Amino acid sequence: TAPTVTALAASGTGITAGAGDLTTGATVALTVALSEVVTVAGGVPTLTLNDGGTATYASGSGTTALTFNYTVAAGQNTADLAVTASSLNGATIKDAAGNAANLAAVVANPAGTLIIDTTAPTVTGVSDSGTGISSGTGTVRTGGTVAFAMNMSEAVTVAGGVPTLTLSDGGTATYASGSGTSALTFNYTVAAGQQSNDLAVTGANLNGATIKDGAGNAANLAGAATNPAGTLVINPTGGVQSDFTGSGTSDILFRDPTSGLISDFTMSNGKPTFAYVGFADPALQVVGTGNFNGSSTSAILLRDPNSGMLSQFIMNSNKPTFATIGMADPRLQVVGTGDFNGDGTTDILFRDPNSGQLSDFLMTNGKPTFAYVGFADPRLQVVGVGDFNGDSTSDILFRDPTSGQLSMFSMSNNHPTFAYVGFADPSLKVVGVGDFNHDGTSDILFRDPTSGNLGDFIMTNGKPTWNAIGFADPKLQVAGIGDYNGDGTSDILFREPTGGGVSMFAMNNNKPTFTTIGVADPSLKIVGA
């Protein structure tokens, strides 16, 4: 009777009960059990494997178990190692009676799952998410967080350190979780001064860590350097209102209406430092602030009401440089500033109060291009400018003063689409626009002038949710909206007109904390806020 194969088993370093995950250089011993003692002579038999490798006879002649050894080579891969054929290569395998062994049953899959993996894991994609981000698109400001999911081609283990991702705005995302899976999470908190019109990952750093698959192959992280789907804006250029120092915090601008002297409270963590800015002809009105020349610092917008000429103080570390912008018909009123074409630069909005026609100066490096926007019923008042639908472009807010109905021109590349927002009691006055809950979308602030109560429409994709904020003494005038403590959330600025006291509601997730800022001579008027 010919000897036959009764079993096939795999063993070696990294293999337990036939199961394991091996990479290049690992060795596998395949033991072929036979029904009786056999002798191997005259050559070196081999076993062909399903990963393209070959196991070569090593020992066992004169016993019932023959051992074949296999060393894994680069490029050999299989989800479960198996024998697909045997070759005698001129050898004989016989029992004592001279019967040649029947090796048909050696073509088998040994017990256990033995993975041969010589392919390094790769990055298959990077996506970002977080508050204010939808499908990778949104706006995140100082203090906001972004979670990056780095998807791998297979499960990996992170060990020995904390990897990071380098970002295009100068920030860093730090590994947080995901070891043992195919998706690693890196978290990033936006800091003041970091800015990008579309955040991208520029590289990955191991920082002493290893990222390997189960076989021990080190991950290839080259694919981490990518721009995730969507457009994620970090601290939109000029997006921090009235930031004259480039610190990422809003400052408070004053003007002496008699002399024309401009000064400010430069703000740091809610604390003011008084500074003189410079003189401008008192006949020139301060009609707004914004980033009209593409820098990270706000400029001060001036207008001659008689000629219609617009000019600006370009600010650098709170120092002004006067520059002319251009002429617009003095009958056209400046009714707001905002980025209406999504290019990261602040534009200047005009309205003809008689016809209701809206137009703007689209600004590029401080130079204007006049464009028509569209008509709106002149009875609808322009009461604010902000990004009410979270698309990183400024929209134009209207109100019917009789009914209280709010509507907007939703802007895309300076083209308007009219949309209704919602109703609010007409006795409630719109007193500002800002992001009071830190979701990257502008909200609409109301005040009851009699009681002093404040509330807002929290905006999500252009849809409002009413929220009460709190009470402030009606004698305190709402003087501006800005991020005065640098936490990435808009705060509400108050002024006591008699004594000149300046204070604020420091906002955190739409919840106010009353904070005193300081006192400025009441003859100095807060402008441009």
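Residues numbered from 1 in each chain as written. Predicted model: local features only at pLDDT ≥ 70, side-chain atom pairs only at ≥ 80, totals over all residues. Heavy atoms only, no water.

Draft legend 1. Region of interest: the overall build of the protein chain. Within the protein chain, the secondary structure is distributed over zero helices and 45 strands. Rg of the C-alpha trace for the protein chain: 36 Å, well past the compact-globule value of 24 Å for 529 residues, more than 25% over. Across its three principal directions, the C-alpha atoms of the protein chain cover 120 × 45 × 45 Å. Sequence-distant contacts in the protein chain: of pairs separated by 6 or more residues, those separated by 24 or more amount to 54%. Distance between charge centres in the protein chain, computed from 19 positive and 40 negative side chains, equals 12 Å. (Helix = DSSP H or I, 4+ residues; strand = E, 2+ residues; numbered from the N terminus. Rg over C-alpha atoms; globule rule 2.2 N^0.38 Å. Contact = heavy atoms within 4.5 Å. Lys, Arg positive; Asp, Glu negative; His and termini not counted. Charge placed at Lys NZ, Arg CZ, Asp CG, Glu CD.)

Draft legend 2. Focus on the pattern of salt bridges. The full count for this structure, using the stated rule, is three salt bridges. Across the pair Asp 377 and Arg 379 runs a salt bridge, and its minimum N-O distance is 2.7 Å. For Asp 377, a relative accessible area of 33% corresponds to the partly exposed category. By relative accessible area, Arg 379 is classed as exposed at 65%. Notably, a salt bridge pairs Asp 473 with Lys 475, separated by 4.0 Å at the nearest N-O pair. Relative accessible area serves as the criterion here: at 59%, Lys 475 is assigned to the exposed category. (Salt bridge = Lys/Arg side-chain N within 4 Å of Asp/Glu carboxyl O. Buried < 20%, exposed > 50% of the residue type's maximum accessible area, 1.4 Å probe, protein only.)

Draft legend 3. Inspection of the sheet that holds strand β2 (residues 15-16) at higher detail. With mixed pairing, three strands are arranged side by side in an open sheet as β2-β3-β10. Two strands in the sheet have a free side with no partner beyond their single neighbour: β2 and β10 (114-116). As defined by bridge partners, strand β3 (residues 19-22) adjoins β10 across three bridges and the pair is classed as parallel. Across the sheet, the residue bridging to Gly 20 is Leu 114, located in β10. (Pairing = 2+ DSSP bridges.)

Draft legend 4. Layout of the pairing of strand β5 (residues 46-49). In terms of strand pairing, β5 meets strand β6 (residues 54-59) through three bridges, oriented antiparallel. Residue pairing in the sheet places Thr 48 in a bridge with Thr 54 of β6. Where β5 hands over to β6, the hairpin turn is made up of four residues, of which Gly 52 adopts a positive phi near 95°. Sheet analysis places β5 next to strand β8 (residues 83-87), joined by four bridges and oriented antiparallel. Looking at the pairing, Leu 49 lines up with Val 83 of β8.

Draft legend 5. The arrangement of the sheet that holds strand β23 (residues 261-268) in detail. As summarised here, the arrangement of the four strands in space is β24-β23-β22-β45, forming an open sheet in which the pairing is antiparallel. Because the sheet does not close on itself, it has two edges, and the strands there are β24 (271-279) and β45 (525-526).

Draft legend 6. Highlighting the nonpolar core. Counting residues in hydrophobic clusters, the biggest one holds 28 residues, and the most contacted among them are Val 28 and Leu 30. Here this core takes six residues from strand β4 (residues 27-41), the largest share from any one element. Apart from the residues lying within four places of it in its own chain, the contact partners of Val 28 are Ala 10, Ser 11, Ile 15, Leu 22, Phe 68, Asn 69, Tyr 70, Leu 81 and Leu 114. Residues Val 146, Met 150, Tyr 175 and Phe 186 belong to the second largest nonpolar core, which totals 26 residues. (Core = buried A, V, L, I, M, F, W, Y, C linked by side-chain atoms within 4.5 Å.)

Draft legend 7. Fine view of the pairing of strand β40 (residues 463-471). Bridge count between strand β39 (residues 453-460) and β40: eight bridges; the pairing is antiparallel. If you follow Asp 456 over to β40, its bridge partner there is Asn 467. The hairpin formed by β39 and β40 contains two residues between the paired strands, and Asn 461 there has a positive phi angle of roughly 50°.

Draft legend 8. Structural context of empty space enclosed by the protein. For the coordinates displayed, the defined rule picks out one cavity of 30 Å³ or more. The volume enclosed by the largest cavity comes to roughly 40 Å³. Mapped by element, the contributors of at least two residues to the lining of the largest cavity are β4 and β7 (63-71). Of the residues assigned to the lining of the largest cavity, the class counts are eight nonpolar, no polar and no charged. (1 Å grid on protein atoms, 1.4 Å probe; cavity = no way out; pocket = protein on both sides within 12 Å on 5 of 7 lines; lining within 4 Å. Points joined across faces, edges and corners; volume = space filled by probe spheres on them. Nonpolar A, V, L, I, M, F, W, Y, C, P; charged D, E, K, R; others polar.)

Draft legend 9. Seen up close, the packing of aromatic side chains. The final tally for this structure, using the stated rule, is 17 aromatic pairs. With 6.2 Å between their ring centres and 85° between their planes, Phe 265 and Phe 274 make a pair best called edge-to-face. Taking the centre distance of 6.2 Å and the plane angle of 80° together, the rings of Phe 313 and Phe 322 count as edge-to-face. Residue Phe 313 is classed as buried on the basis of its relative accessible area, which comes to 5%. In textbook terms, an aromatic cluster arises when at least three aromatic residues are bridged by ring pairs, as seen for Phe 254, Phe 265, Phe 274 and Tyr 276. (Phe/Tyr/Trp six-rings, centres within 6.5 Å; stacked < 30°, edge-to-face > 60°.)

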